[in-house]
Amino acid sequence: MYTVHLQASKAYDILIGPGLVKEAGSHISRIFNPCKAAVITDSNVYPLYADCVCRSLEENGFAYDTYAFPAGEQSKNLSTLSDILEFMAESQLTRSDIVVALGGGVTGDMAGFAAAVYARGIPFVQIPTTLLAAVDSSVGGKTAVDLKAGKNLAGAFHQPSLVLTDTDVIAALSDQLLSEGAAEVIKYGVLQDKELFSWMCSDAWKEKLPEIILRSVEIKRMMVMEDEFDTGLRKMLNLGHTFGHAIEKCADFSLSHGFGVAIGMAIAAGAAGKMDVCKEIIRANINCGLPSSTAFSPDILANAALTDKKRSGATVDLILPEEIGRCNIVKTPVEQLVTLFEKGLNTVKELI
Ligand code: GLY
């Protein structure tokens with residue numbers, strides 16, 4: 001098992017290894033006295049792992065109540081958040097109790113936000129069950145729900161107290177869910193790890209899941225420790241996200257986040273005029289079962305990008321690749337977005 005220690009406004013461990021779901025209660029009992037745990041999950045994960053986690057909590061002296069919401073990004077809204085908060089209140093959770101977020105990015109973001117605002121903040125534990133959540137959203141304390149105007153527009157920074165990433169759970173995922181997570185791993189490679197990137201271009205990437213998760217989490221850890229509140233270096237983690245979120249929005253969120261990020265990274269490299277990098281990203285995307293292009297037009301996409309929360313007044317901080325392993329933050333006037341979408345998309349179309 002790997003242990004990554006992250007020291008931000010709160011210090012916590014990220015454990016990566018087999019069997020952690022079965023042992024969840026025992027790991028949680030090392031940092032919390034017996035209390036009540038509100039286990040928040042979704043309708044897909046509930047039948048797979050909720051019993052196992054709850055049994056382990058009970059064996060280690062915890063009481064628990066479980067809440068499962070309908071799986072999917074369309075549940076990530078204020079209405080589901082309100083239902084979760086009402087459930088926590090009905091369970092009579094107090095500030096000495098905990099939330100356990102058991103699921104993918106939607107669950108982690110929403111349960112984390114509920115923990116951030118319930119009783120002005122109670123602790124929570126992340127148990128990510130997708131590769132995307134394991135390598136990105138479960139680490140670093142970003143919690144949120146979507147608003148009609150855009151993704152993750154209401155949220156809070158609230159660091160978890162522990163992250164338990166069970167590699168048996170990740171290894172059992174469908175090809176589609178592994179591909180979605182692979183997009184974020186490719187992102188870490190493009191940002192600063194050539195070797196990790198090369199793994200994602202090889203046939204054997206699925207055999208290296210524990211190492212891939214570790215390398216990704218170590219990069220994220222470093223960025224979060226340097227810039228917990230996302231005012232500088234951490235913005236790098238948005239590589240592919242401004243372009244990708246716009247595509248997700250235009251597709252009415254029928255396109256998964258990972259797929260949006262994969263296309264967004266290829267567009268970002270094209271927009272930066274880096275043909276070679278764009279080619280490499282397309283190669284990694286194809287290897288991992290990810291798309292690199294979209295049929296939406298540059299002006300529709302640029303318009304969708306205007307509500308991105310990474311926009312600051314009349315500019316948006318774009319992350320543009322320089323080479324595999326190195327990217328820049330480029331403050332860009334929003335009126336240039338349409339030209340950049342156009343340049344990026346044209347380059348991608350030329351290369352695929
Ligand atoms: N998912 C990007 C970040 O945590 O900053």
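Predicted model, so just to flag it, every value in this text is computed and none were measured.

About the cut-offs
- Residues numbered from 1 in each chain as written.
- Predicted model: local features only at pLDDT ≥ 70, side-chain atom pairs only at ≥ 80, totals over all residues.
- Heavy atoms only, no water.
- Pairing = 2+ DSSP bridges.
- Helix = DSSP H or I, 4+ residues; strand = E, 2+ residues; numbered from the N terminus.
- Axes fitted to C-alpha atoms, helices over the stretch in contact; angles between N-to-C directions.
- Contact = heavy atoms within 4.5 Å.
- Parallel < 35°, antiparallel > 145°, perpendicular 65-115°, else oblique.
- Left-handed = near helix turned anticlockwise from the far one by under 90°.
- Nonpolar A, V, L, I, M, F, W, Y, C, P; charged D, E, K, R; others polar.

K.L.:
I keep staring at the sheet that holds strand β5 (residues 98-103) and nothing clicks. Help me out?
P.N.:
Paired through backbone hydrogen bonds, the strands of a sheet run either parallel or antiparallel to each other. If you walk across this open sheet you meet the 7 strands as β1-β2-β9-β6-β5-β3-β4, and the pairing is mixed. At either margin of the open sheet sits one strand with a lone partner, and together these are β1 (2-7) and β4 (63-69). Neighbouring strand axes in the sheet, compared pairwise and without regard to direction, differ in orientation by 15 degrees on average. Pairing analysis gives 7 bridges linking strand β3 (residues 36-42) to β4, with the strands arranged parallel. Within β4, the residue paired with A38 across the bridge is D65. Most of the contacts of helix α2 (residues 46-59) go to β4, to which it runs at about 165 degrees, and overall it touches β3, β4, β5 and β6 (124-128). Strands in contact with helix α4 (residues 105-117) are β3, β4, β5 and β6; relative to β5, the strand with the most contacts, it is inclined by about 170 degrees.

K.L.:
Would you mind showing me how to read the side chain of S56 here?
P.N.:
Relative to the elements of secondary structure, S56 occurs in helix α2. In contact with S56, not counting residues within four places along its chain, are V21, K22, E23, A24, G25 and S26.

K.L.:
Would you mind showing me how to read the packing of helix α11 (residues 257-271) against helix α12 (residues 275-287) here?
P.N.:
Contact geometry of α11 with α12 gives a least axis separation of 8 Å together with a crossing angle of 165 degrees. Looking at the two axes, α11 sits roughly antiparallel to α12. Our pair here, α11 against α12, has a crossing hand that is left-handed. Counting all contacts with α11, which are made through A262, M265, A266, A269 and G270, the residues of α12 involved are V277, C278, I281, I282 and N285. Tallied by class, the residues present in the contact of α11 with α12 amount to 8 nonpolar, 2 polar and no charged.

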